[in-house]
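Listed below, chain by chain, are the residues.
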Amino acid sequence: MSELGDFIKHYFFGHQAPSQFLTGLKSEVDGSLEVDTDALIDTLKREAKEIEESNTSSIVDAPSHGHLELCSNVMSAYNNLLPVLGDQNSTLEFISKAMMTGVNNLSMRTSLSLMLDACKNNPDRLKEIFSWLMDQYGATFSWTAPHKETDEEDSYSIEIQKCYYFNFFSSHNVAFLTPILCQLDSIWFEMVDPDKHGFMFDKSRYQTQGYGAPKCVFPIVMKKKKP
């Protein structure tokens, strides 16, 4: 069972996620750049494989192998698109859009919608689900889920102290690539409807290492009704 679990984790992080990214990238290149899309994607894939092979020391479990493959594709995309687009900001914006185009699809939104609906008026269930999901990220992520209760609200946060993505990109002096992956969090938290679900995502307390914070914080809040 553990071998099957490892295969699934590697498949999700190391095949499905990079595949969705490359699908989004191909769509964006086709739609806005005057280049040979197939040639660019082939070159990108080859370089991504070289990056992966030169960083196998970062693999400690099946999920981290997948994380490495995803990061290698993002880094290769940056390296190959920078000469085409001409400057860092334009390249980051292009790759970020491509990532969202690929990942923010109907299947993803439907799955997240069903998950949030199942947690209606039950933030503890949402905490259990996200705790389980964080476990799937493996040993290269460390996290906690502190709980806080006041007279005004009942809240908890998923807090990530160690993030493979940030550490990998930082080790290559391209930490500025991390937000390309951080932005994917917005797919689910933008779907949280306090009136519908009975809890809210507090954007004012949200932070990630990719945006310069010392740790990532994803705060879920349930407001208490006044007596």
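Residues numbered from 1 in each chain as written. Predicted model: local features only at pLDDT ≥ 70, side-chain atom pairs only at ≥ 80, totals over all residues. Heavy atoms only, no water.

### Considering the pairing of strand E5 (residues 216-223)
Buried residues dominate E5, accounting for six of its eight residues. Two elements, strand E3 (residues 153-162) and E5, share eight bridges in a ladder whose sense is antiparallel. Note on E5: the bridge partner recorded for Ser157 is Pro219. Where strand E4 (residues 200-201) meets E5, two bridges bridge the pair, whose relative direction is antiparallel. The residue bridging Phe201 from the neighbouring strand is Ile220, located in E5. (Buried < 20%, exposed > 50% of the residue type's maximum accessible area, 1.4 Å probe, protein only. Helix = DSSP H or I, 4+ residues; strand = E, 2+ residues; numbered from the N terminus. Pairing = 2+ DSSP bridges.)

### Let's talk about helix H3 (residues 62-85)
Taking 1.5 Å per residue, 24 residues should reach 34 Å; H3 reaches 35 Å between its end C-alpha atoms and fits that length. Counting buried positions along H3 gives 18 out of 24 residues, so the element sits mostly inside the fold. (Expected span 1.5 Å × (residues − 1).)

### Re unusual backbone geometry
For Asn121, which is not glycine, the phi torsion reads 60° and is therefore positive. With respect to the secondary-structure elements, Asn121 resides in the loop between helix H5 (106-118) and helix H6 (123-136). Phi is positive for Asn173, close to 60°, though the residue is something other than glycine. In this fold, Asn173 is placed in the loop between helix H7 (164-171) and helix H8 (179-182). Accessibility expressed as a relative area gives 68% for Asn173, which makes it exposed.

### Remarks on the packing of H3 against H7
Where H3 meets H7, the axes come as close as 10 Å, and the angle between the chain directions of the two elements is 50°. Classed by the angle they form, the pair H3 and H7 counts as oblique. With respect to the hand of their crossing, H3 and H7 are arranged in right-handed fashion. Seen from H3, the contacting residues are Ser64, His67, Leu68, Leu70, Cys71, Val74 and Met75; seen from H7, they are Tyr164, Tyr165, Phe168 and Phe169. Residues of the contact of H3 with H7, tallied by class, amount to nine nonpolar, two polar and no charged. (Axes fitted to C-alpha atoms, helices over the stretch in contact; angles between N-to-C directions. Parallel < 35°, antiparallel > 145°, perpendicular 65-115°, else oblique. Left-handed = near helix turned anticlockwise from the far one by under 90°. Contact = heavy atoms within 4.5 Å. Nonpolar A, V, L, I, M, F, W, Y, C, P; charged D, E, K, R; others polar.)

Any functional reading would require information that these geometric values do not contain.
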